[in-house]
Amino acid sequence: MNRTSIHICAIFLGLVLLSCNRTNQQQRTGTSDAATAAAPGNNSAIINQTVNAPALVYAKQEIPVLCYHRIADDKKGEYALRPATFTSHMKILSDSGYHTISPAQLYDYLVYNKELPDKPVMITFDDSRVEHSLIAAPLLEKFGFRGVFFIMTITYNKKNYMTTEQIAQLAMAGHAVGLHSWDHTMVIKYREDADWQKQVAEPKKKLEKIAGKAVEYWAYPNGVYDHKGAEELSKYFKLSFTLATKRDSLYPLQTIRRMIVPEWTPQGLLQSMHRTFGKKI
Ligand SMILES: [Zn+2]
């Protein structure tokens, strides 16, 4: 065997070993490379990393995700709570040793089995209310927490809603900014391509310009979704958030459950978290 043949043999052997190793790993973990290409927002650094198939994502321990709306003393609105109550919620989470996690951390946990801090919780806010910037964000920051703010973009600069500058400040302070549609029309009503453009594609682009970063997370208006909608949203977002409804087993990343938090006592909040998401966390 001459020198060139030895060289070719060595390369061939290397490829065979590499291939066997990857197949074994996939059999052991139920992961696949194919799903990597389907996940939006991937970059070349993680392109060859194995990812959990939907069944594995679905089987993982759910992480508590809280969903706040209006925070005001007059408590108008179905899901409103008083600022003092919101403060007591953040305090008991902090005192109980909870750590807020970002949607990026949740995605990495679900898809790549990355570790999360002890007692993880995600705190989200819907509907772009101005008090999210004036009351919620400063309080979160005081406790060393960060939140996720889902914006419906029709409200930019309107009375009682956040200005584009306030949204940009949230992103700069390390909070995540996600999309909550253009005008709160439910996903099950998007029938034509024009609806998807108006409610998802165009507002996503505009919000990215305002936030100065990619918008990779979505909250369903009214928490309502269907299988087709979840499938379509997987082309735009890494994660989509529902309310406390059943998840789609084929699109678990696009149907992450959240719990609406109204005017509860701090102890009531912890009890509801355990009831909804399990006691392990
Ligand atoms: Zn909403």
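K.L.:
Please provide a residue-by-residue account of unusual backbone geometry, values included.
P.N.:
Positive phi, normally seen in glycine, also occurs at S128, with a value near 60 degrees. Along the chain, the position of S128 falls in the loop between β5 (120-126) and α6 (130-142). With a phi angle near 80 degrees, S181 is a residue other than glycine that sits in the positive phi range. Here S181 lies in the loop between β7 (176-179) and α8 (193-211). The class of S181 is buried, set by 24 C-beta atoms lying within 10 Å.

K.L.:
Lay out the environment of A104 with the relevant residues and their values.
P.N.:
For A104, the position within the fold is in helix α5 (residues 103-112). Assessed through the 15 C-beta atoms surrounding it within 10 Å, A104 is described here as partly exposed. C-alpha of A104 to C-alpha of Y217: the two residues are 113 residues apart in sequence and 9.1 Å apart in space.

K.L.:
Account for helix α10 (residues 266-277), with residues named and values stated.
P.N.:
Taking 1.5 Å per residue as the helical rise, α10 with its twelve residues ought to reach 16 Å, and the 17 Å between its terminal C-alpha atoms agrees with that figure. All of the buried residues in α10 are L269, M273 and F277. For α10, the buried positions fall inside an angular range of 35 degrees around the axis, keeping them on one side. Residues of α10 that are exposed and point more than 90 degrees away from the buried face comprise Q267, Q271 and R275. Each element contacted by the buried residues of α10 is listed here: α4 (83-95) and β10 (259-260).

K.L.:
Outline the pairing of β5, listing residues and values.
P.N.:
Successive side chains on a regular strand alternate, one facing one side of the sheet and the next facing the other. Where burial is concerned, most of β5 is hidden: five out of the seven residues are buried. Sheet topology note: the strand β3 (residues 65-68)/β5 ladder contains four bridges and is parallel. Of the residues in β5, the one forming a bridge with C67 is T124. Handedness of the crossover is the feature at issue here: the chain leaves strand β4 (residues 99-100), passes through α5, returns alongside β5, and the resulting connection is right-handed.

K.L.:
Let's hear about the nonpolar core: which residues, and what values?
P.N.:
Counting 60 residues, the largest nonpolar core has M122, I151, V177 and L239 as its most contacted members. Among residues more than four places away in sequence, those in contact with I151 are S128, I167, V177, L179, H180 and L207.

K.L.:
Summarise the packing of α4 against α6; cite the residues concerned and give the values.
P.N.:
Closest axis-to-axis distance for the α4/α6 pair is 11 Å, and the angle between their directions is 25 degrees. In terms of orientation, α4 lies roughly parallel with respect to α6. The crossing of α4 and α6 is right-handed. Contacts between α4 and α6 involve P83, F86, T87 and M90 from the former and I135, A136, L139 and L140 from the latter.

K.L.:
Mind laying out the pairing of β3, listing which residues take part and the relevant values?
P.N.:
By the alternation rule, side chains of β3 split into V65 and C67 and L66 and Y68, which are all buried. Summarising the sheet, β3 and β10 pair through two bridges and their orientation is parallel. Across the sheet, C67 pairs through a bridge with I260, a residue of β10.

K.L.:
How would you sum up the confidence of the model for the protein? Please name residues and give values.
P.N.:
Of the residues in the protein, 82% have a pLDDT of 70 or more, and the chain-wide mean is 87. Long-range and interchain partners of residues 1-38, a stretch whose pLDDT sits below 50, account for 22 contacts in this model, where long-range means more than four residues apart.

K.L.:
Give a detailed account of the environment of V187, specifying residues and quantitative values.
P.N.:
Tracing the backbone shows V187 in the loop between β7 and α8. On the neighbour-count criterion, V187 (25 C-beta atoms within 10 Å) is buried. Sequence separation of V187 and G229 is 42 residues, and the distance between their C-alpha atoms is 6.2 Å. Apart from residues no more than four positions distant in its own chain, V187 is found in contact with Y220, V224, Y225 and G229.

K.L.:
I'd love a proper account of the environment of T85, names of residues and values included.
P.N.:
Looking at the secondary structure, you find T85 in helix α4. Remark: the alpha-carbon pair of T85 and P262, spanning 177 residues in sequence, is separated by 9.2 Å.

Rules and cut-offs
- Residues numbered from 1 in each chain as written.
- Predicted model: local features only at pLDDT ≥ 70, side-chain atom pairs only at ≥ 80, totals over all residues.
- Helix = DSSP H or I, 4+ residues; strand = E, 2+ residues; numbered from the N terminus.
- Buried ≥ 20, exposed ≤ 12 C-beta atoms within 10 Å, placed from the backbone.
- Expected span 1.5 Å × (residues − 1).
- Arc of directions from axis to C-beta.
- Contact = placed C-beta atoms within 7 Å.
- Pairing = 2+ DSSP bridges.
- Right-handed = clockwise from strand over helix to strand, strands pointing away.
- Core = buried A, V, L, I, M, F, W, Y, C linked by C-beta atoms within 7 Å.
- Axes fitted to C-alpha atoms, helices over the stretch in contact; angles between N-to-C directions.
- Parallel < 35°, antiparallel > 145°, perpendicular 65-115°, else oblique.
- Left-handed = near helix turned anticlockwise from the far one by under 90°.
- pLDDT = per-residue confidence, 0-100.

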